[in-house]
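Here are the chains, one letter per residue:
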Amino acid sequence: MTIRTQVFAFAAIVTALLSSASSRADSQFQTPWSNQDRAIVLDGYEHNSFDLPEIVKDPRVAAFIHKGSDGMPANYHCSRIADVKDQEICRRIWRNYAVSRELYHTRRALAKALGLKWGSYHLARPGNPIEQANHFIDYAEPASDELMAIDIEDNDPAKFMSLQDGQIFVEQIKLRTGRYPVLYTNGTTAKYIADHRLEYPVLSRLQLWYARYETDIAPHFPKGNWQDYALWQFTSQNNCTKTRCPYRPAGTNRDIDVNIADMSVAQLKQAWPFDNLVPAILPDDMPMPGERPTAPDDILMASMEPPLLDYRALLQIPQMLASATARLFADGQDYFDHMSETPETIDTMLTASVTNSPPSQKPLKLTVDTVRASLQKPVEKSDHPDSRLVASMVGFCFDEIGSIHVDWPDYMQTTLARN
């Protein structure tokens, strides 16, 4: 390779690198802060130290978001606590709370007087979403041109507000102010909400304030309904040292958080306070109306259509009962027709009223009617006393009530008289 060839090759490499750097700077997902046309937004809390008059000298800084409330309000009624030590702790917490709120409102007035857009966020804690939303509004007293944000640091309900409660919080904010807040969260939680956006229809459509301290987040977007971010927090104490920081505005220390917007300063001030919902985008596997998903071979799925019942079979029930009754009587008659002579082993006491005809007479054919007639025949005096008892009982059961005449045996008469 000649020297001229080496020079041309080197020039081509340099040109490619420069063009690549230019394209990366133009992307909203790859080091957008290197683009001088992109707006910068700062955010901080009560323990940050910064100089607002110095900050506004940076023409790219368009807004400041300050921490407002944190969970539930501090206890004001410390004197009701019995323990002296706990009472003193309560008073200190209340003093810090009151001073922080006063500092917040002082900084807000100064920032807005210097021409900065203003916003506040609520650090969401577990439980009491409605009470926390009311606390945030009472604390920050947000004006109609101020951004509001719910800060869910991570998807950990033990430390921060659950996503379900987050939805309740947002709805309460909307109910009281008529506007939606912005959602501040990290990459993991944002991805979870995006993947489950049908379960979180409100959270997944809030404007996204995205916290991720990388130079390239292109692999992480789009995320469900979020095709872009409203704000990207790219700098904090995590990646900003004394000697190197992605972006450090004048008048701030390295503990200040810095955010980028995918728009110019003028565009950001027009879009502020980001209180509208982003369009909903259905998942790719979302079934459309009228479509039924194909059931896997190894899964038995219940049909959504109710089973069809043939109620005409109910009309045949009376006929079925009549047929069953007829068969029952026919079977009983057949049994009597094929019944042999009464065995001698049968107790004559029980059969006396049935077989009281003389042996010389031809035995009657046993039917239901003949059995009834035989049971109703009068009993001879020579019969066994127990036979008379059976006959009396039969008469009691078969005779009409008005003509009942019971001829009890002597030993039964005596027994009845005694009782």
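Counting from 1, residues in each chain are numbered in the order their sequence is written. Selection of residues for local features in this predicted model requires a pLDDT of at least 70, selection of side-chain atom pairs for listing and counting requires 80 or more, and totals for whole chains, interfaces and linings are taken over all residues. Computation of side-chain values covers all heavy atoms of the structure but excludes hydrogens and water.

**Student:** I keep staring at the environment of Glu-131 and nothing clicks. Help me out?
**Tutor:** Strands here are runs of E lasting at least two residues and helices are runs of H or I lasting at least four, both read from the DSSP assignment and numbered beginning at the N terminus. With respect to the element layout, Glu-131 can be found in helix α4 (residues 129-140). In this structure Glu-131 comes out as partly exposed when scored by relative accessible area, which is 40%. Separated by 41 residues in sequence, Glu-131 and Gln-172 place their C-alpha atoms 9.1 Å apart. Only protein chains enter the accessibility calculation, which uses a 1.4 Å probe. A residue is then buried if its area is under 20% of the maximum for its type, exposed if over 50%, and partly exposed in between.

**Student:** Where do I start with the state of the cysteines in this structure?
**Tutor:** Here, the term disulfide refers to a pair of cysteine sulfur atoms separated by no more than 2.5 Å. Under the defined criterion, the tally for this structure stands at two disulfides. One disulfide bridge connects Cys-78 with Cys-90, the sulfur atoms lying 2.0 Å from each other. Here the S-S torsion is close to -75°, and the disulfide linking Cys-78 with Cys-90 is therefore left-handed. With Cys-78 in the loop between β2 (61-70) and α3 (84-113) and Cys-90 in helix α3, this pair connects stretches of sequence that are 12 residues apart. Side by side, Cys-78 and Cys-90 carry an identical accessibility label, which is buried. Here Cys-240 engages in a disulfide with Cys-245; their sulfurs sit 1.9 Å apart. Between Cys-240 and Cys-245 the sulfur-sulfur dihedral comes to about -115°; the bridge is accordingly left-handed.

**Student:** Help me understand the pairing of strand β6 (residues 208-211) in this model?
**Tutor:** Side-chain direction in a regular strand flips from residue to residue, so the side chains alternate between the two faces of the sheet. Burial along β6 is two-sided: the face carrying Leu-208 and Tyr-210 and the face carrying Trp-209 and Ala-211 are both buried. Here the rule is simple: two strands pair whenever DSSP picks up at least two bridges between them. Direction of pairing for strand β5 (residues 182-186) relative to β6: parallel, over a ladder of four bridges. Considered in β6, the bridge of Asn-186 is made with Ala-211. A crossover counts as right-handed when, viewed with the strands pointing away from the observer, the path leading from the first strand over the helix to the second turns clockwise. In this view, the connection linking β5 to its parallel neighbour β6 by way of helix α6 (residues 187-195) has right-handed handedness. Across three bridges, β6 lies against strand β7 (residues 231-235) in parallel orientation.

**Student:** In this structure, what is going on with the sheet that holds β6? I would like to understand it.
**Tutor:** Sheet strands associate in pairs through backbone hydrogen bonding, adopting either a parallel or an antiparallel arrangement. Within the closed barrel, the eight strands sit side by side as β1-β2-β3-β4-β5-β6-β7-β8. Their pairing is mixed. Direction aside, the axes of adjacent strands within the sheet are offset by 30° on average. One ladder, built from five bridges, connects strand β1 (residues 40-44) with β2; its direction is parallel. From the neighbouring strand, Val-41 faces β2, where its bridge partner is Ala-63. In what follows, a contact means two residues having at least one pair of non-hydrogen atoms within 4.5 Å. Orientation is described by axes fitted as lines to C-alpha atoms, over the contacting stretch for helices, and by angles from 0 to 180 degrees between their N-to-C directions. Helix-sheet contacts for α3 involve β2 and β3 (117-123), and the interaxial angle to β3 is about 155°. Running at roughly 160° to strand β4 (residues 147-151), helix α5 (residues 163-177) makes contact with β3 and β4 of the sheet.

**Student:** I tried to follow the confidence of the model for the protein chain on my own but got confused; where do I start?
**Tutor:** Predicted coordinates in regions of low pLDDT should not be interpreted in detail. Confidence in the prediction of the protein chain, expressed as mean pLDDT, is 80, and 67% of residues score 70 or more. Confidence of the prediction at every residue is given by pLDDT, a number between 0 and 100. Scored below 50 in pLDDT, residues 342-357 shows 13 contacts in the model against residues more than four places distant or in partner chains. The low-confidence segment residues 400-404 (pLDDT under 50) makes two contacts with residues lying over four places distant or belonging to another chain.

**Student:** Would you mind going over α6 with me for this structure?
**Tutor:** Turn by turn, an α-helix covers 3.6 residues, leaving residues three or four places apart pointing in a common direction. Residues of α6 that are buried include every one of Gly-187, Thr-189, Ala-190, Ile-193 and Ala-194, and no others. One face of α6 carries all of its buried residues, which in axial projection span an arc of 165°. Contact partners of the buried residues in α6: α5, β5 and β6. One side-chain oxygen of the residue at the start of α6 lies 3.4 Å from the amide nitrogen of Thr-188, identifying that residue as Asn-186. Relevant arc is that of directions from the helix axis to the C-beta atoms, nothing else. For this analysis, a polar contact is any N or O atom pair within 3.5 Å, provided that within protein one partner can donate a hydrogen and the other can accept it, and provided that sequence-adjacent residues contribute only side-chain to side-chain pairs.

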